[in-house]
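What follows is the residue order along each chain.
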Amino acid sequence: MHGIWIYSEDISNTRQLLTAGRHLRESLNQPIGVITRDTDAQSSLVALGADQVIVLKGESSWPESYADEIARIFEQDKASVLIVSGTLRGKDLAAKVAASLDVGLVTDAQSIKVSDCFIETTRLMYGGLAVCTEQVQFPAIVTIPPRSYEEPQPDESRQGNVTVLNVSEWDTRVTVNEVCPIVCQGVDISTARRIVCVGRGIEKQEDLTIPEGLAKVLGAEVACTRGIAEDYHWLPEERYIGISGQKVKPELYIAMGVSGQVQHLAGIRESKVIVAIDTNEKAPIFEAADYGIVGNLYEVVPLLIEKLQK
Ligand SMILES: Cc1cc2nc3c(=O)[nH]c(=O)nc-3n(C[C@H](O)[C@H](O)[C@H](O)COP(=O)(O)OP(=O)(O)OC[C@H]3O[C@@H](n4cnc5c(N)ncnc54)[C@H](O)[C@@H]3O)c2cc1C
């Protein structure tokens, strides 16, 4: 077996995956190859740890079109492992590559390491209530969600091979007729440093001025639970946090009127400081919180804003 390969359609995810790749390289003593479609990033990828970079050039704008080529590279190299960014697209592509090579696939791994002669991964189960440890035989494909690893430190003195590969053949059963970008309303909360999250403890849409007021004094972003976005449509869908929404990692996360069901907690577990305000002292959010205030948000939050303004 030879080679640890990394692929993502997003270059910042590729950089983060290089940290996982570097850990594997220490154990396996095998080179890291990066497959990318980004023509500008080759040298920075080498500085971050890649020993080889293959830039796929082709006219298809459907990322999965490149699955056959990625499978070919993996097979030719007799590679040990392919790490793919666990985005929706990445998981589609990983499944295609795994099926065509008939190798094991683990999705949504939070961590990856070598254990004896296996790849060992962990991932959250039951909405984050349990951690599942799995072992998969070499060769294997593993998807890792974005932001599971920090980017490594660059070393500009590193040397690596860069190859450009023109891809002219792909599966033509799917063609892309049009690409329509989603218009995001506001910032990306997955990168916010402070978050004020509102749940169904808020009674009406007009009352969103309360979390907005707190967010303003804190320099935070307003986020919400699923019901607020999907059922009430009071905030855009990209603002809801949880297992089926955004995963966040802020320094400060304040929940108001959020009960803290597992599906929501799965999205906030990596927050540094969690503060909860809820009338129900038995609400599960208090088990996850570093600081809790049992009280009515309509009374507590205006007082907090007043204090913070002072
Ligand atoms: C498959 C699946 C996936 C899901 N994915 C997600 C997800 O990604 N994200 C997500 O958020 N949910 C998700 N859910 C829904 C989740 O199970 C919960 O229903 C949801 O998170 C609850 O939202 P909430 O806390 O806003 O509402 P509730 O559970 O209704 O809680 C409201 C809270 O407000 C408190 N409250 C009421 N009035 C006040 C007041 N005046 N002051 C202070 N506190 C007050 C109550 O005591 C209560 O604790 C999912 C569910 C399923 C089945």
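Residues numbered from 1 in each chain as written. Predicted model: local features only at pLDDT ≥ 70, side-chain atom pairs only at ≥ 80, totals over all residues. Heavy atoms only, no water.

Engineer: What am I meant to see in the site of the ligand here?
Structural biologist: Near the ligand you find 24 residues, and of these R200, T225, S244, S259 and D278 are the closest. Between the ligand and the protein, one listed contact pairs an oxygen atom with a side-chain N or O atom of Q263 at 2.8 Å. Between a nitrogen atom of the ligand and a side-chain N or O atom of N296, the distance comes to 3.0 Å. Starting from 990 Å² of accessible surface for the ligand in isolation, the protein chains cover 73%. When each cavity is represented as a set of grid points, the ligand is found to reside in the second largest pocket. (Near = heavy atom within 4 Å. Polar contact = N/O pair within 3.5 Å; in protein donor to acceptor, adjacent residues only side chain to side chain. Areas by Shrake-Rupley, 256 points an atom, 1.4 Å probe, with all protein chains shown as cover. 1 Å grid on protein atoms, 1.4 Å probe; cavity = no way out; pocket = protein on both sides within 12 Å on 5 of 7 lines; lining within 4 Å. Sits in = over half its atoms within 2 Å of the grid points.)

Engineer: Help me out: how do you make sense of the pairing of strand β3 (residues 52–58) in this one?
Structural biologist: On a regular strand, one side chain projects to one face of the sheet and the next to the other, so that they alternate. Bridge count for strand β2 (residues 32–36) against β3 is four bridges, and the pairing is parallel. Paired with G33 across the bridge in β3 is Q52. Here β3 runs beside strand β10 (residues 161–167); their pairing, made up of seven bridges, is parallel. Across the sheet, residue I54 finds its bridge partner in β10, namely T163. (Pairing = 2+ DSSP bridges. Helix = DSSP H or I, 4+ residues; strand = E, 2+ residues; numbered from the N terminus.)

Engineer: Got a minute to help me understand the pattern of salt bridges in this structure?
Structural biologist: Side chains that carry opposite charge are capable of pairing whenever their charged atoms lie near each other. Under the counting rule described, the total for this entry stands at 15 salt bridges. Note that E69 is salt-bridged to R72, the shortest N-O span being 2.9 Å. Taken together, the residues span about one helical turn, with E69 and R72 both in helix α3 (residues 67–76) at a distance of three residues. For E69, a relative accessible area of 13% puts it in the buried group. Note that R123 is salt-bridged to E134, the shortest N-O span being 2.8 Å. In this pair, R123 is assigned in strand β7 (residues 118–125) and E134 in strand β8 (residues 130–137), connecting sequence segments eleven residues apart. A relative accessible area of 25% places R123 in the partly exposed class. In this structure E134 comes out as partly exposed when scored by relative accessible area, which is 22%. Through salt bridges with shared partners, a single ionic network connects R25, D51 and R158. (Salt bridge = Lys/Arg side-chain N within 4 Å of Asp/Glu carboxyl O. Buried < 20%, exposed > 50% of the residue type's maximum accessible area, 1.4 Å probe, protein only.)

Engineer: What is the right way to look at empty space enclosed by the protein in this model?
Structural biologist: Applying the stated criterion to the full structure yields one cavity of 30 Å³ or more. Here the largest cavity is characterised by a volume of approximately 30 Å³. Lining the largest cavity, in full, are N13, Q16, L17, S85, I144, P145, P146, R147, S148 and Y149. Here the lining of the largest cavity is built from residues that sort into five nonpolar, four polar and one charged. (Points joined across faces, edges and corners; volume = space filled by probe spheres on them. Nonpolar A, V, L, I, M, F, W, Y, C, P; charged D, E, K, R; others polar.)

Engineer: Looking at this structure, I do not really get the packing of α3 against helix α4 (residues 88–101). What am I missing?
Structural biologist: For any two helices packed against each other, the geometry comes down to the angle between their axes and how far apart the axes lie. Close contact between α3 and α4 brings their axes to 9 Å; oriented N to C, the two are set at 50°. Compared by their axis directions, α3 and α4 come out oblique. Here the hand of the crossing between α3 and α4 comes out right-handed. Taking contact as the criterion, the partners of A67, I70, A71, F74 and E75 in α3 are, on α4, L93, K96, V97, S100 and L101. Its residues assigned to classes, the contact of α3 with α4 comprises seven nonpolar, one polar and two charged. (Axes fitted to C-alpha atoms, helices over the stretch in contact; angles between N-to-C directions. Parallel < 35°, antiparallel > 145°, perpendicular 65-115°, else oblique. Left-handed = near helix turned anticlockwise from the far one by under 90°. Contact = heavy atoms within 4.5 Å.)

Engineer: Just checking my understanding: could you explain the pairing of strand β12 (residues 221–224) for this structure?
Structural biologist: Taken together, the four bridges between strand β11 (residues 194–198) and β12 define a ladder with parallel strand orientation. Across the sheet, I195 pairs through a bridge with E221, a residue of β12. Read from β11 through helix α5 (residues 209–218) to β12, the crossover connection turns out right-handed. (Right-handed = clockwise from strand over helix to strand, strands pointing away.)

Just geometry here; none of it tells us what the structure is for.
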